[in-house]
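Residues per chain are reported as follows:
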Amino acid sequence: MRMNRTLVAAATAALTVTALGTARAATVDATAPSACRPANHLAKIAQDQSSAGHLHFRVTLTAPAGYAPCRLAGSPTDVSFSEQGATLPVTAGSYGDQTGVVTFGPGRPVHFDIQVRNNGRTSPADEASFTLRGPGGAIPGTSVAEGAFVVSEGTLIGPVQPGA
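Residues numbered from 1 in each chain as written. Predicted model: local features only at pLDDT ≥ 70, side-chain atom pairs only at ≥ 80, totals over all residues. Heavy atoms only, no water.

### Some words on the overall build of the protein
Piece 1. Along its length, the protein carries one helix and 14 strands.
Piece 2. For the protein, the proportion of its 164 residues judged to be buried stands at 34%.
Piece 3. Put simply, of all contacts in the protein between residues at least 6 apart along the chain, 76% involve residues at least 24 apart.
Piece 4. Here the protein has roughly 9300 Å² of accessible surface; of this, 57% comes from carbon and sulfur atoms. (Helix = DSSP H or I, 4+ residues; strand = E, 2+ residues; numbered from the N terminus. Buried < 20%, exposed > 50% of the residue type's maximum accessible area, 1.4 Å probe, protein only. Contact = heavy atoms within 4.5 Å. Areas by Shrake-Rupley, 256 points an atom, 1.4 Å probe, with all protein chains shown as cover.)

### Brief notes about the pairing of strand E4 (residues 77-83)
Piece 1. Where E4 and strand E9 (residues 123-131) come together, four bridges link them in antiparallel fashion. Note that in E9 the partner of serine 80 across the bridge is serine 129.
Piece 2. Two strands pair when backbone bridges link them, and E4 and strand E5 (residues 86-87) are joined in this way by two bridges, in the antiparallel orientation. When the bridges of E5 are listed, glutamate 83 appears paired with alanine 86. (Pairing = 2+ DSSP bridges.)

### Some remarks on the pattern of salt bridges
Piece 1. Inspection of every chain in the model, using the stated rule, returns one salt bridge.
Piece 2. For arginine 58, the salt bridge identified is with aspartate 48, shortest N-O distance 3.3 Å. Taken together, the residues arginine 58 in strand E2 (residues 54-62) and aspartate 48 in the loop between strand E1 (42-47) and E2 connect sequence positions ten residues apart. (Salt bridge = Lys/Arg side-chain N within 4 Å of Asp/Glu carboxyl O.)

### A short note on the packing of aromatic side chains
Piece 1. Considering all chains together, one arrives at three aromatic pairs under this definition.
Piece 2. Seen in terms of ring centroids, phenylalanine 112 and phenylalanine 130 are 5.1 Å apart; in terms of plane orientation they differ by 80°. Their pairing is edge-to-face. Taken together, the residues phenylalanine 112 in strand E8 (residues 110-117) and phenylalanine 130 in strand E9 connect sequence positions 18 residues apart.
Piece 3. Since its relative accessible area comes to 1%, phenylalanine 130 is described here as buried.
Piece 4. Members of the aromatic cluster, connected to one another through ring pairs, are Phe57, Phe81 and Phe149. (Phe/Tyr/Trp six-rings, centres within 6.5 Å; stacked < 30°, edge-to-face > 60°.)

### Thoughts on the pairing of E8
Piece 1. Most of E8 is tucked away, with seven of its eight residues classed as buried.
Piece 2. Two strands pair when backbone bridges link them, and E2 and E8 are joined in this way by eight bridges, in the antiparallel orientation. Of the residues in E8, the one forming a bridge with phenylalanine 57 is isoleucine 114.
Piece 3. Strand direction decides the pairing type here: E8 and strand E14 (residues 161-162), joined by two bridges, are antiparallel. Residue pairing across strands places histidine 111 opposite glutamine 161, the latter belonging to E14.
Piece 4. When E8 meets strand E13 (residues 156-157), the two strands line up antiparallel, connected through two bridges.

Put into structure tokens, the structure is as follows:
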């Protein structure tokens, strides 16, 4: 009987240590910096499938491990485009549901669309800068995405969607 009590005590101690370790890990995640802050995520632009009269470019945001998930909503704002450091004179509008909310963070990439009129009057670009929005409004700071794409007057930005 003494041996069983010793085993039960050892098992209880192991479970207590495991539970404390789990609680500590949850606390670390809760205090991690937000993935939505511009310095805490990566953004790349790649060509997507074209549609009738439009070219599409997908901007994919990913967050490395160690950052806390966050919520994004609607289309990014204050979007500007540049080519080799020179700002292009294109003002982007938005389209789609601006009320949808998605979760973004490590292992949960998100993307949005840059929709460009395919009218033969496009300008090459290699960078887009933008302000992300959460359910409560703009997230401070400017995010930057790089990749080869084109823009034209009438370029529109779609809402943030889940997935890469």
